[in-house]
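# Survey of secondary and tertiary structure
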Amino acid sequence: MSSLPPVGRLRWTDVPAPLRTRLETGLGSTITDAVTPAGGFGHQLAAALTLASGRRVFVKAAPDDDPLTDANVHEANVLDVLPPGAPAPELLGIHRAAGWTAVVIAHLDGPHPDLSPASSDAGQTWALLDKLTSSPAPAAYTEAVATTPSGVAGLHGWDVLLANPPGDLDPDVRHRLHELAELEAAWPGLAHGDRIVHGDLRADNMVRDQERGVTFVDWAHATTGPACVDAVSLAPQLVLAGHTPKDTARLLDEHPATATDPLASTAFLAALTGHWHRNARLPAPPGAPGLRAYQHRAATAGMALLALRMNRTACGSGLPGQLRPYSC
Ligand SMILES: Nc1ncnc2c1ncn2[C@@H]1O[C@H](COP(=O)(O)OP(=O)(O)O)[C@@H](O)[C@H]1O
Ligand SMILES: [Mg+2]
């Protein structure tokens, strides 16, 4: 009945029978099929369920002592309070049984967007980000995310690499470690803001739904912050999808979410790239095959963008004195 999930993911057959029954009661129909989509690095169950009625829903589930349950519940709370028109699926319910929690979400029908230059999906995603960040988050959203510490604000990595530079670090990057650590150190002071932040924007956390177009999923890291966070996160993904760093850097210059706050944008790009550079070198966590290889690729893409921004602002006015690279 269930398709084979990506290595490391819990399967539908791992879900305790009482929770499966609870879900069928809540959904008012028996579940006839469960398909785990490709994508993502989480190990919790994430599956599209088909009901006897023909309807489909999407479910994320894990044991209650698994930290991903807190993340799933956080996501459910966020989906419940996103403003109308936000590019997100609706929350359908939370079900608990046998020490597990399942979050049921409206099913989106389509592939991950194609962020390559050949597709219009990237342009649509930029436009969605502009709309999402152009006004402050509603109070209900701010309240829902307030009790969960923001992972975005705590991103770093260059400080660790500076203290103990790895032998395989690119010589150009090694040469700039001081500047990078300095830029990254500015990020926590700039990470505050009142905008909706998805916090983990990649193609595999979006679905190009047949009817709604590009829609963001996996709101488990959602928080509030400056408008630039998601646009900056998306930029290395565009490079990975085939856009040149130069074209992508120009998009960052022009997008309202980043153009209005170049200092926070550069500091966050530094923190994110440092996080990737550091974590790519750590042992692989259980249940997340492919994560370290992805972080290596993302670190290279982020660094290409960062180098362009740093070279340009090196002796210009973009950065305050204490943030200017040593070469100035
Ligand atoms: N509402 C949805 N409808 C259809 N597919 C979805 C939905 N939400 C997520 N997906 C798909 O499931 C995958 C895993 O879900 P996601 O929420 O990203 O979980 P994870 O935290 O494990 O990455 C996504 O990469 C996407 O392909
Ligand atoms: Mg995901």
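Residues numbered from 1 in each chain as written. Chains lettered and ligands numbered in written order. Predicted model: local features only at pLDDT ≥ 70, side-chain atom pairs only at ≥ 80, totals over all residues. Heavy atoms only, no water.

### Some remarks on the site of ligand 1
Surveying the vicinity of ligand 1 reveals 20 residues, the closest of which are Arg9, Lys60, Leu108, His112 and Asp204. Between a nitrogen atom of ligand 1 and a main-chain N or O atom of Ala106, the distance comes to 2.9 Å. Contact distances for ligand 1 include 2.8 Å between a nitrogen atom and a backbone N or O atom of Leu108. Notes on ligand 1: free accessible area 550 Å², of which the protein chains cover 93%. Elements with a minimum of two residues in the shell around ligand 1: β3 (56-63) and β5 (100-106). (Near = heavy atom within 4 Å. Polar contact = N/O pair within 3.5 Å; in protein donor to acceptor, adjacent residues only side chain to side chain. Areas by Shrake-Rupley, 256 points an atom, 1.4 Å probe, with all protein chains shown as cover. Helix = DSSP H or I, 4+ residues; strand = E, 2+ residues; numbered from the N terminus.)

### Observations concerning the packing of helix α8 (residues 228-240) against helix α9 (residues 245-254)
Contact pair α8 / α9: the axes reach a minimum separation of 9 Å and the direction vectors enclose 160 degrees. Between α8 and α9, the crossing angle belongs to the class labelled roughly antiparallel. Relative to α9, α8 is oriented so that their crossing is right-handed. Every residue of α9 that contacts α8 at Ala231, Val232, Ala235, Leu238 and Val239 is listed here: Pro245, Thr248, Leu251 and Leu252. Among the residues making up the contact of α8 with α9, the classes are represented as eight nonpolar, one polar and no charged. (Axes fitted to C-alpha atoms, helices over the stretch in contact; angles between N-to-C directions. Parallel < 35°, antiparallel > 145°, perpendicular 65-115°, else oblique. Left-handed = near helix turned anticlockwise from the far one by under 90°. Contact = heavy atoms within 4.5 Å. Nonpolar A, V, L, I, M, F, W, Y, C, P; charged D, E, K, R; others polar.)

### Focus: the coordination of the magnesium ion (ligand 2)
Summarising the metal site, the magnesium ion (ligand 2) is bound by the protein donors Asn205 (OD1) and Asp218 (OD), whose distances to it range over 2.1 Å. Here the residue Asn205 occupies a position in the loop between β6 (195-197) and β7 (206-209), and Asp218 occupies one in the loop between β8 (213-216) and β9 (223-225), the gap between them amounting to 13 residues. Assigned by exposure class, Asn205 and Asp218 land together as buried. (Donors = N, O, S within 2.8 Å, 3.2 Å for Na, K, Ca; no water. Buried < 20%, exposed > 50% of the residue type's maximum accessible area, 1.4 Å probe, protein only.)

### Points about the domain arrangement of the protein
Splitting the protein by domain gives domain 1 (12-106) and domain 2 (121-323). A straight line from the C-alpha centre of domain 1 to that of domain 2 covers 28 Å. Contact residues are listed per partner, giving 22 residues for domain 1 and 27 residues for domain 2. Carbon and sulfur atoms supply 68% of the area that domain 1 and domain 2 bury against each other, a total of about 1,800 Å² over both sides. At the boundary of domain 1 with domain 2, the tally comes to two salt bridges. Linking Asp218 and Lys60 is a salt bridge whose minimum nitrogen-to-oxygen distance equals 3.1 Å. Viewed at the interface, domain 2 and domain 1 are joined by eight residue pairs in polar contact (both at pLDDT 80 or more). With seven residues, helix α2 (residues 67-81) is the largest single contributor of residues to the side of domain 1 that touches domain 2. (Domains from an automatic or database assignment. Buried area = accessible area lost by both parts, 1.4 Å probe. Salt bridge = Lys/Arg side-chain N within 4 Å of Asp/Glu carboxyl O.)

### A word on the pattern of salt bridges
What the rule picks out here adds up to 13 salt bridges. In this structure, Glu75 engages Lys60 in a salt bridge whose closest nitrogen and oxygen atoms are separated by 2.7 Å. Of this pair, Glu75 sits in helix α2 while Lys60 sits in strand β3, placing them 15 residues apart in sequence. Across the pair, exposure class does not vary: Glu75 and Lys60 are buried alike.

### Observations concerning the packing of aromatic side chains
Under the criterion given, the structure shown has three aromatic pairs. Ring centres 4.8 Å apart and planes at 45 degrees place the aromatic pair Trp187 and Phe268 in the tilted group. Pair noted here: Trp187 is in helix α7 (residues 177-190) and Phe268 is in helix α11 (residues 262-279), with a separation of 81 residues, a long-range link. Across the pair, Phe268 and Trp187 agree in class, each one buried. Aromatic side chains Trp276 and Tyr294 sit 6.4 Å apart centroid to centroid with 85 degrees between the ring planes, which places their arrangement in the edge-to-face category. In this pair, Trp276 sits in helix α11 while Tyr294 sits in helix α12 (residues 291-313), placing the two residues 18 residues apart along the sequence. Accessibility assignment for this pair places Trp276 and Tyr294 in one class, buried. Positioned above the aromatic ring of Trp12, the side-chain terminus of Arg20 is 5.9 Å from the ring centre. When the ring centre of Tyr294 is taken as origin, the NZ or CZ atom of Arg202, which lies over that ring, is 5.5 Å away. (Phe/Tyr/Trp six-rings, centres within 6.5 Å; stacked < 30°, edge-to-face > 60°. Lys NZ or Arg CZ within 6 Å of the ring centre and 35° of its normal.)

### Brief notes about the confidence of the model for the protein
With 93% of its residues at a pLDDT of at least 70, the protein reaches an overall mean of 92. This stretch, residues 1-5, has a pLDDT under 50; its non-local contacts, to residues over four places away or in other chains, come to 15 contacts. Within the model, the stretch residues 320-328 combines pLDDT values under 50 with 18 contacts to residues more than four positions away or in other chains. (pLDDT = per-residue confidence, 0-100.)

### Examining the packing of helix α3 (residues 121-133) against α8
Remark: α3 packs on α8, axes separated minimally by 10 Å, with the N-to-C direction vectors making an angle of 170 degrees. One way to sum up the angle between α3 and α8 is to call them roughly antiparallel. Facing α3, whose interface residues are Ala122, Thr125, Trp126 and Leu129, α8 presents Asp230, Ala231, Leu234 and Leu238. Residue composition of the contact of α3 with α8, by class: six nonpolar, one polar and one charged.

### So, the environment of Ala34
Tracing the chain through its elements places Ala34 in strand β1 (residues 31-35). Along the sequence, Ala34 and Leu269 sit 235 residues apart, while their C-alpha atoms lie 38 Å from each other.

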